[in-house]
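# Structural overview
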Amino acid sequence: MEFTIKTGSPAKSKAGLLVLGAFADGVLPTATAAVDAAAEGRIAHYLKRGDLDDKAGATLLLAELPGTHAERVLLVSLGKQDEFGDKAYRDALTAAAKALAATPAKDAVVTLADLAVGERPLSWKMQQAARILADGAYRFDALKSGKDKKDKKERGARKLTLLTATEPSAELDTAVRYGHAIATGMALAKDLGNLPGNVCTPTHLADTAQALGKQYKFDVEVLERADMEKLGMGSFLSVARGSHQPPKFIVMNYKGGKSRARPIVLVGKGITFDTGGISLKPAAEMDEMKYDMCGAASVLGTFKAIARMGLPINVVGLIAATENMPGGGATKPGDVVTSLSGQTIEVLNTDAEGRLVLCDALTYAERFKPECVIDIATLTGACVVALGKIPSGLLANDDELAAELLKRGTDSGDRAWQLPLWDEYQELLKSNFADMGNIGGRYAGTITAACFLARFTKAYKWAHLDIAGTAWLSGDAKGATGRPVPLLSEFLVGRARGD
């Protein structure tokens, strides 16, 4: 997708589609009012008779509106004027993105970035617009064939002009470039998540990381099973024992900052298919366990985004990738394994495998003397029960880091919600036969999973994002969401700026 920032009259803009906003009470933003004047009040007439629904994100498509030079005009509802804010703005952009992806028009002019959204600066609005509009064009049809695939490729606007009353500037260009880069990172995360487990194997994740490193000039190292055995990653390797696919431990090192600046480490859970192992999952919806590597996908997507942005920051990405399969060599409930940290773990449930691979990755992170570490994992069904599909779960051993992530989530619209990480929960992980069990019982499953990980993160500031509810959607909208690439990218942009 190609973005351009321009000033000018929306009524005189030549395009296949012109996107305008309108409030539910009939108030017209400046750009829409100008077009309405050129159309001799036609837009106000449509609004008065109720042709556009009041809810933010509703749309009305008008063909050949008099007084305009656009072939079509898309009117997007902004909801009630006194309630217009971040969410309504994003809802309007999302609706516009959906229409842009389906239109036969090849180019479009969008005026929504010029709306007043609380105290948000124009640069923020431009970045949000570029990200949401570019993300709306995403399609996953790599495994399809035939006419349907061809028809979809032929539809959708690919050249977008963001119209504003403010003169274009380097700051606005950067904002649009950042938004587009984040959408590109989201697309990679979605592609990896949507691929089936027979294609997106641990080796495929490693190959993807190496290709990114080659394209964007950052270092990538892939540790094989023998390397991990030599290091003593017994916990990670215990998960890999039942699979014929070789495990991979992927280390990416993006060095955009000063040579002595401590890096931020991102750790991604990369279970490319999770059967539950010997503690086998039920058959219903097990196909969705191909998404159990979305933590890894989000790290790869974030690396693509920051590399395209060229952020002046040092970031290390660690991905623990394997399948979790049953088999003659698979780890059994009751087995005791020794982690890279030397701590022993009684495996009470082999379907609580994510924490077993992450704990060794978190111990490995110590060698980078990190500024902070954030792990990202589709870790617990309990998080979906607790928070639904709206925010990601957030737990941390540092309140300032947690607050920063919460703010970046609000800024990006990729929100998180903090849960407690109190010492009292650690009691639930007691084991009669090892230093700890890998599950804590029926209650507080998201918290006890994080408490388990916290035992391996005492050397640095650490936060954990449980994305089990936010990494993918089920049902008719089934597919990876690309979250939390926006949150992680916004966090890293802020750190790079020193905000």
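This text gives an overview of the structure that appears in the document.

Reading the values: the criteria
Residues numbered from 1 in each chain as written. Predicted model: local features only at pLDDT ≥ 70, side-chain atom pairs only at ≥ 80, totals over all residues. Heavy atoms only, no water. Phe/Tyr/Trp six-rings, centres within 6.5 Å; stacked < 30°, edge-to-face > 60°. Helix = DSSP H or I, 4+ residues; strand = E, 2+ residues; numbered from the N terminus. Buried < 20%, exposed > 50% of the residue type's maximum accessible area, 1.4 Å probe, protein only. Lys NZ or Arg CZ within 6 Å of the ring centre and 35° of its normal. Patch = residues over 30% accessible without salt bridge, like charges linked within 9 Å, V, L, I, M, F, W, Y side chains within 5 Å. Areas by Shrake-Rupley, 256 points an atom, 1.4 Å probe, with all protein chains shown as cover. Salt bridge = Lys/Arg side-chain N within 4 Å of Asp/Glu carboxyl O. Lys, Arg positive; Asp, Glu negative; His and termini not counted. Charge placed at Lys NZ, Arg CZ, Asp CG, Glu CD. Polar contact = N/O pair within 3.5 Å; in protein donor to acceptor, adjacent residues only side chain to side chain. Contact = heavy atoms within 4.5 Å. Pairing = 2+ DSSP bridges. Axes fitted to C-alpha atoms, helices over the stretch in contact; angles between N-to-C directions.

## Considerations on the packing of aromatic side chains
This model, assessed by the stated rule, comprises nine aromatic pairs. Ring plane angle 15 degrees and centroid distance 5.3 Å describe the contact between Y291 and W472, whose orientation is recorded as stacked. With Y291 in the loop between β9 (264-274) and α10 (294-309) and W472 in strand β18 (residues 472-473), the pair connects residues that are 181 residues apart, well separated along the chain. There is no split in this pair, since Y291 and W472 are both buried. Seen from the ring of Y364, R367 lies directly overhead, with NZ or CZ sitting 3.9 Å from the centre.

## Considerations on a negative patch on the surface
Side chains of D25, D53, D54, D82 and E83 sit close together on the surface and give a patch of like negative charge. When you line up the elements, E83 lands in the loop between β4 (72-77) and α3 (86-102). For E83, a relative accessible area of 58% translates into the label exposed.

## Some remarks on the side chain of T164
Residue placement: T164 occurs in the loop between β6 (159-163) and α6 (170-194). One polar contact links the side chain of T164 to the main-chain amide nitrogen of T166, over a distance of 3.1 Å. Residues contacting T164, with those up to four places away along its chain left out, are I5, K6, T7, G8, D114, L122 and M126.

## Examining the pattern of salt bridges
Counting across every chain of the model gives 21 salt bridges. With a shortest N-O distance of 3.2 Å, R72 and E71 are connected by a salt bridge. By relative accessible area, E71 is classed as partly exposed at 48%. Linking D411 and K407 is a salt bridge whose minimum nitrogen-to-oxygen distance equals 2.9 Å.

## Structural notes on unusual backbone geometry
Going from R483 to P484, the amide bond is cis rather than trans, its omega being 5 degrees. Structurally, the position occupied by P484 is in the loop between β19 (479-480) and α15 (485-497). The backbone phi angle of E285 is positive, close to 60 degrees, even though this residue is not glycine.

## Examining the sheet that holds strand β12 (residues 344-346)
Strands sit in the order β11-β12-β16 across an open sheet of three strands; the sheet is mixed. The sheet is open, and its two borders are formed by β11 (336-338) and β16 (436-437), each paired with just one other strand.

## Examining the side chain of R483
Counting through the fold element by element, R483 comes out in the loop between β19 and α15. Of the polar contacts made by the side chain of R483, one reaches the backbone oxygen of R415; its length is 3.2 Å. When sequence neighbours within four positions are dropped, the list of residues in contact with R483 reads S298, K389, I390, P391, S392, D414, R415, I467, T470 and A471.

## What about the environment of R42?
Within the secondary structure, R42 sits in helix α2 (residues 42-48). For R42, a relative accessible area of 34% puts it in the partly exposed group. Excluding residues within four positions of it along the chain, R42 makes contact with D36, L65 and P66.

## Here's the deal with the sheet that holds β6
In spatial order, the strands read β1-β6-β5-β2-β4-β3; together these six strands make up an open sheet with mixed pairing. For this open sheet the edge positions go to β1 (2-6) and β3 (59-63), each flanked by a neighbour on one side alone. Each strand of the sheet is rotated relative to its neighbour by a mean of 20 degrees, with strand direction disregarded. Here four bridges tie strand β5 (residues 107-110) to β6, and the two strands are oriented parallel to one another. From the neighbouring strand, D107 faces β6, where its bridge partner is K159. Lying over the sheet, helix α1 (residues 30-38) contacts β2 (17-22) and β4, oriented at roughly 115 degrees with respect to β2.

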